[in-house]
Amino acid sequence: MTLENSKRIMVVEDEAITAMNLRASLEDMGYVVTSTALSGEEAVKNAANDMPDLVLMDISLRGKMDGIEAAGHINDQFNIPIIYLTAQSDVQIMNRIKATQPSGYITKPFYEKEIHFVLEIALDKNRIEKQLKQSEAQLKEHREHLLDMVNDKTAELRQANEHLKQEIKSRITAEAELMRSAQLAALGELAAGLVHEINNPINGIINYAQILLNRAAEDSSERDIAERIIEESSRIANISKDMLSYVQGSSKEKSPVHIHTVLSFALSLTEPQLTVDGIELIIDVPSNLPPVIGQSQQLTQVFLNIINNAGYALNKKHNRTHTDKLLKIMAWETTIDNKNHLRISFYDRGTGIPTSDLNNIMKPFFTTKPPSAGTGIGLSISNGIINNMGGKITVYSVENQYTDVSIDLPIISNKTLA
Ligand SMILES: Nc1ncnc2c1ncn2[C@@H]1O[C@H](COP(=O)(O)OP(=O)(O)OP(=O)(O)O)[C@@H](O)[C@H]1O
Ligand SMILES: [Mg+2]
């Protein structure tokens, strides 16, 4: 047996001669003796330092700690197998010995052969126990690995499920969207036909009323009635004209549109009146903003309506000039859902909109204005135009404080332009 794989034994024996003999016998048998301790305390200390493969332990020792107590500590702390060597064999001692779960027991006087035999059996048993523990640990590790794999697969499955749910949801939305646009297209055709049919008789009514007006005496009630007929019929003509331009517009070709240009044009039409009304205009719309895709004519219509709405709300709140009588128009680039957008904000400090009306203002024919001032189709048409451009109108407002109408429009990427 070579020294490297020799088993390392620690001897605990308070009789020096017995200890010496024991060491000599063990070395003869091919074991390495790590130390010979005389007391229980020394035994615990040496075991910690040397970590022998086995301890041969005498029971009655010098000092306070006897062999059974020392064996208890060594077993608890280092899990090193113990074989007792003793002349004592009463029942009480036997019970204490059992509690320390020893690997063997040799009574004094002993023979070399007997020691060899008991040691080999104990060492072998220990080796098998260690292997068993190792296998158990491996088994546990495999089981945990398997459990991890099952958990990973379950998480993957859950994710795939979630993905599938999202997919189903987006398909349902896309289908609904498709149905809505098909309905809108059908409605558009219907509206276009209707508008053509309405325009001719309306023109007739206006012309006849004009004849009556020309024939009526100054300040007569007939004149007044004829004027009202013309006024109300013109309103119908305007509504149908608006509808026609929207319906025709949505099918026309779209092209890159510069917000700055469209706004300048809309302002050239509205600014004179705003100035007369004492409304301060603050414009912050850089001319180098990237273009959006659509029709400038339609976008002009949207801006005109929003500016007119703001002007109306400001005039209603302040009949003269006031520091708060202002309309601020700003535009900047922003990101929505990771896509580049332009935001155009129209902010006025006019009447604001009551919370109860906020959900209705986009609905066709919803208006809080007298018939001579509005028909309630401006925002619904604007909303249709902006949606058609892939954008969105959001209205933020606090009654008596402010209204902010914000338009988000997707920016055309360079790729699309090329
Ligand atoms: N800036 C604003 N401040 C306060 N109220 C507003 C503002 N913009 C819109 N509204 C409210 O929303 C309603 C609907 O607006 P919309 O532009 O659709 O119709 P309208 O202005 O009443 O009529 P039309 O635009 O057809 O002449 C308005 O009647 C008004 O009550
Ligand atoms: Mg309006």
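1. Some points on the domain arrangement of the chain
Here is step 1 of the chain: When the domains of the chain are assigned, the result is domain 1 (8-110), domain 2 (150-251) and domain 3 (253-418).
Here is step 2 of the chain: Of note, the centres of domain 1 and domain 3, computed from C-alpha atoms alone, are 95 Å apart.

2. With respect to the pairing of strand β1 (residues 8-12)
Residues in a regular strand project their side chains so that they alternate between the two faces of the sheet.
Here is step 1 of the chain: The element β1 is largely enclosed, with a buried count of four among its five residues.
Here is step 2 of the chain: By the bridge criterion, five bridges tie β1 to strand β2 (residues 32-37) in an arrangement that is parallel. When the sheet's bridge partners are listed, Ile 9 is paired in β2 with Val 33.
Here is step 3 of the chain: Read as a crossover between parallel neighbours, the route from β1 over helix α1 (residues 16-28) to β2 is right-handed.
Here is step 4 of the chain: Of the strand pairs in this sheet, β1 and strand β3 (residues 54-58) are connected by four bridges, and their pairing is parallel. Bridged to Val 11 within β3 is Leu 56.

3. Brief notes about helix α10 (residues 378-388)
Here is step 1 of the chain: Of all the 11 residues making up α10, eight are buried; the element is thus mostly covered by neighbouring parts of the structure.
Here is step 2 of the chain: What α10 keeps buried is the set Gly 378, Leu 379, Ile 381, Ser 382, Asn 383, Gly 384, Ile 385 and Ile 386.
Here is step 3 of the chain: Phi for Gly 390, located one or two positions after α10, is positive at around 80°.

Conventions and cut-offs
Residue indices begin from 1 for each chain and proceed along its sequence in written order. Ligands are numbered from 1 and chains lettered from A, in the order in which they are written. Only residues with pLDDT of at least 70 are given local features in this predicted model, and only at 80 or more are side-chain atom pairs given and counted; all residues enter the totals for whole chains, interfaces and linings. Each domain's limits were defined by an automated method or a database of domain assignments. Three exposure classes are used, based on other C-beta atoms lying within 10 Å of a residue's own C-beta, which is placed from the backbone: buried for 20 or more, exposed for 12 or fewer, and partly exposed in between. Starting at the N terminus, helices and strands are each numbered in turn, a helix being any DSSP run of H or I of at least four residues and a strand any DSSP run of E of at least two. A pair of strands is labelled paired if DSSP reports no fewer than 2 bridges between them. Look down the strands so they point away from you; if going from the first strand over the helix to the second traces a clockwise path, that crossover is right-handed.

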